[in-house]
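Structural overview
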Protein chains: 2
Amino acid sequence: MAAKNSEQSYLIDCLQYARWSEKIFSEMREGGVDAVHVTIAYHEDFRETVRNICDWHRRFRVHGDMIVHAKSANDIVCARETGRTAIFFGFQNPSPVGDDVELLGFFYGAGVRFMQLTYNNQSLLASGYLENADSGITRMGREVIAEMNRLGMVVDMSHSAELSILQAIELSARPIAVTHANPASWKPTPRNKSDRVLEALSKSGGMLGFSIYPNHLRNGSECTLDEFCQMIARTAEKFGVDMLGLGTDLCQDQPGSVVEWMRRGRWMRDESAGGAAAENAEFPRQPEWFSCNRDFRNVASGLRAAGFSIQEVDAIMGGNWMRFFKSSFGG
Amino acid sequence: MAAKNSEQSYLIDCLQYARWSEKIFSEMREGGVDAVHVTIAYHEDFRETVRNICDWHRRFRVHGDMIVHAKSANDIVCARETGRTAIFFGFQNPSPVGDDVELLGFFYGAGVRFMQLTYNNQSLLASGYLENADSGITRMGREVIAEMNRLGMVVDMSHSAELSILQAIELSARPIAVTHANPASWKPTPRNKSDRVLEALSKSGGMLGFSIYPNHLRNGSECTLDEFCQMIARTAEKFGVDMLGLGTDLCQDQPGSVVEWMRRGRWMRDESAGGAAAENAEFPRQPEWFSCNRDFRNVASGLRAAGFSIQEVDAIMGGNWMRFFKSSFGG
């Protein structure tokens, strides 16, 4: 177990999409990870998502000594007490819901606690960051936000376009999250978030999870721990510590075919996909200081070295997510 | 049978969504209707659409003396020779395809020859006319247009927003259709089409089907045959006769619950739907001169009275659609 700064501090990662295995769950335990928000749908439709949930139920049975399905903040406390990691379900795309607003309640009942209103493309709800145009929140999007607010399912706008994010913050009666992204002022890429978005997020009580996916990092896979932690320090200076957490976007052990699926789904024709070149896509190499769930101790050390107090490090490593989870899940 | 102006003229209605029955098929025969494009999906998903196709296969079996499933322009000729009405399938929404571009080929194989890129709302492909913002054709929309072009499935933009229509005309390698709408210059409503759209449609070899749905008519249900035919005459003066046809949008015998389904689908919460008031929704009353498939003779007479030649009347009543079908269906 990693040394914890205090009994009350929690280590929470608000986004992972690993190729789940006994090894990874063991590393979560070795790393002292109390809770992880895991992605259970990118492009999956309703039925495929149900299958993914069934796969997780099997993992909870087989690896019940290490992981447990969590639906509330208190489930993290229970997981800690029993020496396990709490697993929260989330969608990175509203595809499982299709055009049926009632399915949100169905999936809430199945334990889903986060949903991105878009992945990279336009959805029925909002615009993804890779579209040429950003039309904001749609008619159905307004209905969905109202229903997610009622249920206590977190609106996640990590992959959405600027106007769509700003409108979601405005329309949502409850704070929203960008579970995995970094400030665009540090690493300018449309996937990272502008100061305008971060300010609106901060003012509304929302949360930002810092990503350690190389494409979101300055210098990519070569980004140093110090650079990463200095970026967090600059973000804290601008927007305060309270909205900051981690959403590492760790895609450990995933084959290149999964990158292909994430990018192309079923919406792109073979003719548009680039043929053999596309088939050779690979996930980028992780920075050496963060390659698995044992490495959170490096991040905590880096934050201390960057000047954060012990209390601030605790808040960023999980305390802020814990507070957000407490007020976000449930009606 | 209605008197035909010539042996070579065809009577084609490029949009109906009736509550199909033996009575309606009999009226098609009495009215001398050679072909009808029927809507087989509004909000239906893949599986529900397959069910609707199965329902049509049953109708073709039971009423095989009056109707026949058509997939090509030549099928209209065959239908005429055997005294039947040719039925073409179309979607008013891409919901049956979801996010899977390959399903277009599947549905093409099942006989689908038209697809609207949107119904009233934002879709994965384009913006519907009731959205606040119109972001045009999406990333997936471009893929879908290319695939529809390849297959020979007609892009229909009847319910789409202005920019989305203009971009679809531009992006599509083959002429597109607005199967059921009228000029907004005559009846200003966002569902009708601007002169800018009609001009782009005309210049690109596209088609406009005039609607007799009361909400698209000046004076609604009270619109006179003369007003309707004068509108067609003015449209012909501006854009020529070649792109003009009929797409009556006849929703004969449909109960009010179907209007509710069309408007609300599954995307709107009960809380937003207006409760009891919404449940009392009804289809508007048809103008007295067009209430069923026997009444096309009135429209033909009205067009003559409005100054069109016999040849022009033939073209508008079906000849133009026949030419468009010949060049549009198939690879």
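Structure shown above.
Residues numbered from 1 in each chain as written. Chains lettered and ligands numbered in written order. Predicted model: local features only at pLDDT ≥ 70, side-chain atom pairs only at ≥ 80, totals over all residues. Heavy atoms only, no water.

1. A short note on the overall build of chain A
- When its secondary structure is counted, chain A shows 13 helices and nine strands.
- Radius of gyration (C-alpha) of chain A: 18 Å, near the 20 Å computed for a compact globule of 331 residues.
- Taking the principal axes of the C-alpha coordinates as reference, chain A spans close to 50 × 45 × 45 Å.
- Here the analysis covers contacts within chain A between residues at least 6 apart in sequence; of these, 71% occur between residues at least 24 apart. (Helix = DSSP H or I, 4+ residues; strand = E, 2+ residues; numbered from the N terminus. Rg over C-alpha atoms; globule rule 2.2 N^0.38 Å. Contact = heavy atoms within 4.5 Å.)

2. Examining helix α5 (residues 139-151) of chain B
Residues and elements named next belong to chain B.
- In this model α5 runs 19 Å from its N-terminal to its C-terminal C-alpha over 13 residues, within 8% of the 18 Å that 1.5 Å per residue would give.
- Of the residues making up α5, those classed as buried are Met140, Gly141, Glu143, Val144, Ile145, Glu147, Met148, Asn149 and Leu151.
- For α5, the capping residue at the N-terminal end is threonine 138, with a side-chain oxygen 3.4 Å from the backbone nitrogen of methionine 140.
- Of the residues one or two after α5, glycine 152 is the one with positive phi, at around 90°. (Expected span 1.5 Å × (residues − 1). Buried < 20%, exposed > 50% of the residue type's maximum accessible area, 1.4 Å probe, protein only. Polar contact = N/O pair within 3.5 Å; in protein donor to acceptor, adjacent residues only side chain to side chain.)

3. Observations regarding the interface of chain B and chain A
- Contact residues are listed per partner, giving 26 residues for chain B and 26 residues for chain A.
- For the pairing of chain B and chain A, the buried interface totals around 2,700 Å² over both sides, and the portion due to carbon and sulfur atoms is 50%.
- The three residues of chain B that bury the most area against chain A are Arg139, Trp267 and Arg269 of chain B, which together make up 28% of that side's buried surface.
- The tally of links between chain B and chain A comes to four salt bridges.
- As a salt-bridge pair, arginine 266 of chain B and aspartate 99 of chain A come within 3.1 Å of each other at their nearest N and O atoms.
- Joining chain B to chain A, the criterion identifies 15 residue pairs in polar contact (both at pLDDT 80 or more).
- Here the element with the most residues in the side of chain B that touches chain A is α5 of chain B; it accounts for six residues. (Buried area = accessible area lost by both parts, 1.4 Å probe. Salt bridge = Lys/Arg side-chain N within 4 Å of Asp/Glu carboxyl O.)

4. Overview of the side chain of glutamine 116 of chain B
Residue and element names in this part refer to chain B.
- For glutamine 116, the location among the structural elements is in strand β5 (residues 112-116).
- Polar contacts involving the side chain of glutamine 116 include one to the main-chain carbonyl oxygen of glutamine 92, which spans 2.8 Å.
- Once residues within four sequence positions are removed from consideration, glutamine 116 is found in contact with Phe91, Gln92, Asn93, Pro94, Asp156, Ser158, His159 and His180.

5. A closer look at the environment of alanine 233 of chain B
Residue and element names in this part refer to chain B.
- For alanine 233, the location among the structural elements is in helix α8 (residues 225-239).
- The class of alanine 233 is buried, set by a relative accessible area of 7%.
- When the C-alpha positions of alanine 233 and alanine 306 are compared, they lie 6.8 Å apart, and in sequence the two are 73 residues distant.

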